[in-house]
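Observations on the three-dimensional arrangement
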Amino acid sequence: MKKIDIQNAVNAFGRIPVNKVKNDQVRNTLIYDYRKLRKASREIEQERLDLVEKFREDFADEMLDVQVLRESGRPVVDHDEFLRAEASMNRLIQKMFQEEIAEDLELVKVSMDDFAKAVKDGEYTFEDIAALDGVILE
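What this report covers is the structure whose coordinates are included nearby. Per-chain numbering applies: the sequence of each chain, read as written, is numbered from 1 onward. The predicted origin of the model limits local features to residues at a pLDDT of at least 70 and limits the giving and counting of side-chain atom pairs to 80 or more, whereas totals for whole chains, interfaces and linings rest on all residues. Side-chain measures were taken over the full set of non-hydrogen atoms in the model, leaving aside hydrogen atoms and water.

1. Thoughts on the overall build of the chain
Put simply, the rule is: In this description a helix means any DSSP run of H or I spanning at least four residues, a strand means any run of E spanning at least two, and both kinds are numbered starting from the N terminus. In this treatment the radius of gyration is a C-alpha quantity, and the globule benchmark scales as 2.2 Å times the residue count to the 0.38 power.
Scanning the chain from N- to C-terminus turns up 6 helices and 0 strands. Its helices and strands in sequence order give the chain the pattern α-α-α-α-α-α, from N to C terminus. Taking 14 Å as the expected radius of gyration for a compact globule of 138 residues, we find that the chain reaches 20 Å, considerably beyond that expectation. Principal-axis analysis of the C-alpha atoms places the extent of the chain at approximately 60 × 35 × 20 Å.

This is the structure in structure tokens:
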């Protein structure tokens, strides 16, 4: 499973109120899966933050100048190294999110029918379903 899939699933879970899941077995399975996904998500987010923090440390002197230029709508000139490093960091983060996670999360999948019945009064979108499909929904 890709790291981006975990992040998307956690975000989708966040929009589904637990008290709207009427079936106890489905609710318990979702809670179990959410806890595992959330733990993995925190580790992924920390990995991303470490990259951003390293970039901020390396370019602390230029960050404010570039921010002021961007906020004023003026072109960012004379900051070529900063712009290259920023683009490189963004590529690294995108690549990181496409990586497969190292461990098997041992998620217990719920059938789409059971999920739809259990959360029929819940508020979720088609995008939420897409984010959960294949991760916790089968």
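2. Side note on the environment of Pro17
By the element assignment, Pro17 lies in the loop between helix H1 (3–13) and helix H2 (24–58). For the pair Pro17 and Leu107, spaced 90 residues apart in the sequence, the C-alpha separation amounts to 20 Å.

3. Focus on the nonpolar core
In globular proteins that are soluble, nonpolar side chains generally tend to be buried together. Put simply, the test is: Here the nonpolar core consists of buried residues drawn from Ala, Val, Leu, Ile, Met, Phe, Trp, Tyr and Cys, with membership extended through side-chain atoms lying within 4.5 Å. The classification of residues rests on relative accessible area computed with a 1.4 Å probe and restricted to protein chains. Under 20% of the type maximum is buried, over 50% is exposed, and intermediate values are partly exposed. The contact rule is simple, with two residues in contact once any of their heavy atoms fall within 4.5 Å.
In terms of nonpolar packing, the biggest core is built from 36 residues, with Ile6, Leu30, Leu37, Phe115, Leu132 and Ile136 touching the most fellow members. Looking at this core, the elements that each hand over two or more residues are H1, H2, helix H3 (60–72), helix H4 (80–98), helix H5 (112–118) and helix H6 (126–132). Among the elements that line this core, the one with the most residues is H2, at 7 residues. The contacts of Ile6, once residues within four sequence positions are left out, are Met1, Leu37, Ala40, Ser41, Ile44, Ile101 and Leu105.

4. What about the pattern of salt bridges?
Short version of the rule: A pair is scored as a salt bridge if a Lys or Arg side-chain nitrogen falls within 4 Å of a carboxyl oxygen belonging to Asp or Glu.
Under the counting rule described, the total for this entry stands at 8 salt bridges. For Glu47, the salt bridge is made with Lys3, and the minimal N-O distance between the two is 2.9 Å. Residue Glu47 is located in helix H2, and its partner Lys3 is located in helix H1; the two are separated by 44 residues in the primary sequence. Residue class for Lys3 comes out buried when judged on its relative accessible area of 9%. Between Lys3 and Glu99 there is a salt bridge whose closest N-O contact spans 2.9 Å. Remark: Glu99 occurs in the loop between H4 and H5 and Lys3 occurs in helix H1; sequence separation between them is 96 residues. The class for Glu99 is partly exposed, based on a relative accessible area of 33%.

5. A word on H3
Inclusion rule: Here, expected helix span is obtained from the residue count minus one, scaled by 1.5 Å.
Between its first and last C-alpha atoms H3 spans 19 Å; for 13 residues at 1.5 Å apiece the expected length is 18 Å, and the two agree. Positive phi shows up at Gly73, right after H3, with a value of about 80°.

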